[in-house]
Amino acid sequence: MGNKELELGFQKILEGNRSWVEFVKNDTSGRFEQLAKGQSPEILWIGCADSRVPANEIVGSRPGEVFVHRNIANMCVHSDMSMLSVLDYAVNVLKVKHIVVAGHYGCGGVAASLSRKQFGVIDNWLCHIKDVYRLHAAEIDDIQDHDEKVNRLIELNVREQVFNLCTTSIVQNAWKNDQNLAVHGMVIDIATGKLNDLDNTFTNNEALGKVFAFK
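Per an unreviewed UniProt entry, the protein chain carries the name carbonic anhydrase and comes from Sphingobacterium micropteri. Under Cofactor (unreviewed entry), UniProt gives the following word-for-word description of the protein chain: "Zn(2+)". What the UniProt record of the protein chain gives under Sequence similarities (unreviewed entry) is the line "Belongs to the beta-class carbonic anhydrase family."

Below, the structure written as structure tokens:
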């Protein structure tokens, strides 16, 4: 590499891996040998791509216990084949029991969606969050403090994404087949590490409404 700073950064990655290799080699529990044979997580975590919200650490889990999908602002978009592929594999192959849609306070993606500025290609993605704002504009506009406005939209966005997830054919067919599956909406407080339950859990499609609930 020609750039010294980039070279040092790359070496840091390799050094970190060497430390991890030593940790794995010295582990006597046998869990890494077991993980090499396959995975059987009980949780699918759909979270934000933000580097401050790592799923395993937040829920105190070990490698192999959480299946993870992350994108800007933890969106569950019905046309997103990446999210749908992860969801399908988690529900129908891994047979996870819990799906957590996890937002976080201070989310830059949600904050950007309340701006009229252009940021680039991400503007197209932010339109999905703007749609959430449109549904709750009266409530959001009544909030005067900007940070509180953003954080309330973060909570509402999680609730809408939980609903989107529950209306997928993947989740509804799991319920139709009596699969034990719960979908939860939560928001992380980065400052404290607390995962706040929004009391937004679904275990069937009965509360989705007639148009959305498949027979």
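Chemist: A description of the pattern of salt bridges should follow, citing residues and the corresponding values.
Modeler: In total, this model carries seven salt bridges according to the counting rule given. In this structure, the salt-bridge partner of Glu22 is Lys25, at a minimum N-O distance of 3.1 Å. In this pair, Glu22 and Lys25 both sit in helix 1 (residues 4–26), three residues apart, roughly one turn of the helix. With a relative accessible area of 38%, Glu22 lands in the partly exposed category. The salt bridge involving Asp50 is made with Arg52; its shortest N-O contact spans 2.7 Å. Since its relative accessible area comes to 46%, Arg52 is described here as partly exposed. A network of salt bridges, in which partner residues are shared, links Glu139, Arg152 and Glu155.

Chemist: Mind laying out the packing of helix 4 (residues 81–93) against helix 9 (residues 169–176), listing which residues take part and the relevant values?
Modeler: Orientation of helix 4 relative to helix 9, taken along the N-to-C sense of each, is 15 degrees, at an axis distance of 9 Å. When the interaxial angle is binned, helix 4 and helix 9 end up roughly parallel. For the pair helix 4 and helix 9, the sense of crossing is right-handed. Contacts between helix 4 and helix 9 involve Leu84, Leu87, Asp88, Val91 and Asn92 on the former and, on the latter, Ile170, Val171 and Ala174. Across the contact of helix 4 with helix 9, the residue classes break down as six nonpolar, one polar and one charged.

Chemist: Could you give an account of the packing of aromatic side chains, naming the residues involved and the relevant values?
Modeler: This structure, assessed with the given rule, holds five aromatic pairs. Ring geometry for Phe163 versus Phe212: centroids 4.9 Å apart, planes at 80 degrees, classification edge-to-face. On the criterion of sequence distance, the pair formed by Phe163 in helix 8 (residues 146–166) and Phe212 in the segment after strand 5 (194–197) is long-range, its members being 49 residues apart. You can call Phe163 partly exposed: its relative accessible area is 22%. Linked through ring pairs, Trp20, Phe23 and Phe32 together constitute an aromatic cluster.

Chemist: Any details on the pairing of strand 1 (residues 43–48)? Residues and values, ideally.
Modeler: Burial within strand 1 is extensive, with five of its six residues counted as buried. Relative to strand 2 (residues 66–71), strand 1 is paired through six bridges, and the arrangement is parallel. Note on strand 2: the bridge partner recorded for Ile43 is Val66. Bridge count for strand 1 against strand 3 (residues 98–104) is five bridges, and the pairing is parallel. Looking at the pairing, Ile43 lines up with His98 of strand 3.

Basis of the calculations
Residues numbered from 1 in each chain as written. Predicted model: local features only at pLDDT ≥ 70, side-chain atom pairs only at ≥ 80, totals over all residues. Heavy atoms only, no water. UniProt positions renumbered as here; feature names shortened; annotations may be inferred. Salt bridge = Lys/Arg side-chain N within 4 Å of Asp/Glu carboxyl O. Helix = DSSP H or I, 4+ residues; strand = E, 2+ residues; numbered from the N terminus. Buried < 20%, exposed > 50% of the residue type's maximum accessible area, 1.4 Å probe, protein only. Axes fitted to C-alpha atoms, helices over the stretch in contact; angles between N-to-C directions. Parallel < 35°, antiparallel > 145°, perpendicular 65-115°, else oblique. Left-handed = near helix turned anticlockwise from the far one by under 90°. Contact = heavy atoms within 4.5 Å. Nonpolar A, V, L, I, M, F, W, Y, C, P; charged D, E, K, R; others polar. Phe/Tyr/Trp six-rings, centres within 6.5 Å; stacked < 30°, edge-to-face > 60°. Pairing = 2+ DSSP bridges.

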